[in-house]
Amino acid sequence: GAVVSQHPSWVICKSGTSVKIECRSLDFQATTMFWYRQFPKQSLMLMATSNEGSKATYEQGVEKDKFLINHASLTLSTLTVTSAHPEDSSFYICSALIASFVGDEQFFGPGTRLTVL
Amino acid sequence: AQSVTQLGSHVSVSEGALVLLRCNYSSSVPPYLFWYVQYPNQGLQLLLKYTTGATLVKGINGFEAEFKKSETSFHLTKPSAHMSDAAEYFCAVSEKDNFNKFYFGSGTKLNVKP
């Protein structure tokens, strides 16, 4: 199946710094990617939909200036957590969409664990 | 908005025993339904999905799930657990008019005892 990678797999940073997380589709092109976050023992929550060449669409309650998304190519979307604070510590997961005549399917990356001290 | 409930954050079964992971959703309009599995340090992998048609859906690795509209449920089963089934399982739904917006359950970690 299609493979999606994320880098880094984990990151620890100081409060106030910015952190960039990359999401890559390795063997296919994805015009649409999604970013989720997951708190311990909770559901994955959709943060935003990232479309190549256009602005991301953010879910209600997600600060677009806090979580900057750039989908500059058909194989790469980045999520930058700006001025990170401890409450931003979470597990961030991306997915890439493959559309086909048999139906769309999302392929998920392995996630990035962010810890803000 | 949709909500998805997975009863039991941890389920433990013996190898060879039946696996039953429960999932209920809140929508009054039947959505699309999915089960994903996540192995350690890997991405979510689609096990099976229900969109239309037969309500009993067969997936990979011997898993199947049945959509029951009257019970708003989509429970995942496997007749005989294998050690390699130990992983975390997520149920998800999406709306028919917004297929790509997923709502996930909180996950169930399956432990398989030898």
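Quick note: structure is the one above.
Cut-offs used in this document
Residues numbered from 1 in each chain as written. Chains lettered and ligands numbered in written order. Predicted model: local features only at pLDDT ≥ 70, side-chain atom pairs only at ≥ 80, totals over all residues. Heavy atoms only, no water. Pairing = 2+ DSSP bridges. Helix = DSSP H or I, 4+ residues; strand = E, 2+ residues; numbered from the N terminus. Axes fitted to C-alpha atoms, helices over the stretch in contact; angles between N-to-C directions. Buried < 20%, exposed > 50% of the residue type's maximum accessible area, 1.4 Å probe, protein only. Patch = residues over 30% accessible without salt bridge, like charges linked within 9 Å, V, L, I, M, F, W, Y side chains within 5 Å. Areas by Shrake-Rupley, 256 points an atom, 1.4 Å probe, with all protein chains shown as cover. Salt bridge = Lys/Arg side-chain N within 4 Å of Asp/Glu carboxyl O. Phe/Tyr/Trp six-rings, centres within 6.5 Å; stacked < 30°, edge-to-face > 60°. Contact = heavy atoms within 4.5 Å. Buried area = accessible area lost by both parts, 1.4 Å probe. Polar contact = N/O pair within 3.5 Å; in protein donor to acceptor, adjacent residues only side chain to side chain. Nonpolar A, V, L, I, M, F, W, Y, C, P; charged D, E, K, R; others polar. Disulfide = S-S within 2.5 Å.

Some words on the sheet that holds strand E3 (residues 19-25) of chain A
All names here are of chain A.
Okay, step 1: Judged by pairing direction, the sheet is antiparallel, and its four strands sit side by side in the order E1-E3-E8-E7 without closing on themselves. At either margin of the open sheet sits one strand with a lone partner, and together these are strand E1 (4-7) and strand E7 (67-73). On average, each strand axis in the sheet is inclined to that of its neighbour by 15°, with strand direction left out of account.
Okay, step 2: In the sheet, E1 pairs with E3 via four bridges, with the strands oriented antiparallel.

Observations regarding the pairing of strand E10 (residues 87-95) of chain B
Residues and elements named next belong to chain B.
Okay, step 1: The element E10 is largely enclosed, with a buried count of seven among its nine residues.
Okay, step 2: Bridging between strand E5 (residues 32-38) and E10 involves seven bridges; their strand directions are antiparallel. The residue of E10 that forms the bridge with Trp35 is Cys91.
Okay, step 3: Note that E10 and strand E12 (residues 108-113) share three bridges and pair antiparallel. Across the sheet, Glu88 pairs through a bridge with Lys109, a residue of E12.

What about a nonpolar patch on the surface?
Residues and elements named next belong to chain A.
Okay, step 1: There is a patch of nonpolar side chains on the surface, built from Trp10, Ile12 and Leu117 and spanning about 390 Å² of accessible area.
Okay, step 2: Mapped onto the elements, Leu117 comes out in the segment after strand E11 (112-116).
Okay, step 3: Under the relative-accessibility criterion, Leu117 is labelled exposed at 63%.

Considering the pattern of salt bridges
Residues and elements named next belong to chain B.
Okay, step 1: Applying the stated criterion across every chain yields a total of five salt bridges over all chains.
Okay, step 2: Between Lys58 and Glu64 there is a salt bridge, and its shortest N-O distance comes to 2.8 Å.
Okay, step 3: Accessibility expressed as a relative area gives 62% for Lys58, which makes it exposed.
Okay, step 4: Judged by relative accessible area, which is 22%, Glu64 ranks as partly exposed.

Some thoughts on the packing of aromatic side chains
Okay, step 1: Within the structure shown, the criterion is met by 14 aromatic pairs over all chains.
Okay, step 2: An aromatic cluster is defined as three or more aromatic residues linked by ring pairs; in this entry it consists of Tyr36 and Phe108 of chain A together with Phe34, Tyr36, Phe102 and Phe104 of chain B.

Description of the interface of chain A and chain B
Okay, step 1: In this complex, chain A contributes 18 residues to the contact, which on the side of chain B involves 16 residues.
Okay, step 2: Summed over both partners, the interface of chain A with chain B comes to about 1400 Å²; 55% of that surface belongs to carbon and sulfur atoms.
Okay, step 3: Its largest share of buried area at the contact with chain B, chain A owes to Leu44, Asp104 and Phe108 of chain A, together 32% of the area lost on that side.
Okay, step 4: Scanning the region where chain A abuts chain B turns up one salt bridge.
Okay, step 5: Counting the contacts that link chain A with chain B gives four residue pairs in polar contact (both at pLDDT 80 or more).
Okay, step 6: Of all the elements in the fold, those that place two or more residues in the side of chain A that touches chain B are strand E4 (32-38), strand E5 (44-51), strand E9 (90-98) and strand E10 (105-108) of chain A.
Okay, step 7: The residue makeup of the side of chain A that touches chain B, split by class, is nine nonpolar, five polar and four charged.

Here's the deal with the state of the cysteines
Okay, step 1: Summed over the entire model, instances satisfying the criterion amount to two disulfides over all chains.
Okay, step 2: Linked covalently through their sulfurs, Cys23 of chain B and Cys91 of chain B form a disulfide whose S-S length is 1.9 Å. Taking the sign of the torsion about the S-S bond as the criterion, the disulfide between Cys23 of chain B and Cys91 of chain B, at about -65°, is left-handed. On the criterion of sequence distance, the pair formed by Cys23 of chain B in the loop between strand E3 (19-21) and strand E4 (24-25) and Cys91 of chain B in strand E10 is long-range, its members being 68 residues apart. We note that Cys23 of chain B, like Cys91 of chain B, is buried.
Okay, step 3: Free cysteine: Cys13 of chain A, not disulfide-bonded; nearest cysteine sulfur from Cys94 of chain A at 18 Å.
Okay, step 4: For Cys13 of chain A, a relative accessible area of 9% corresponds to the buried category.

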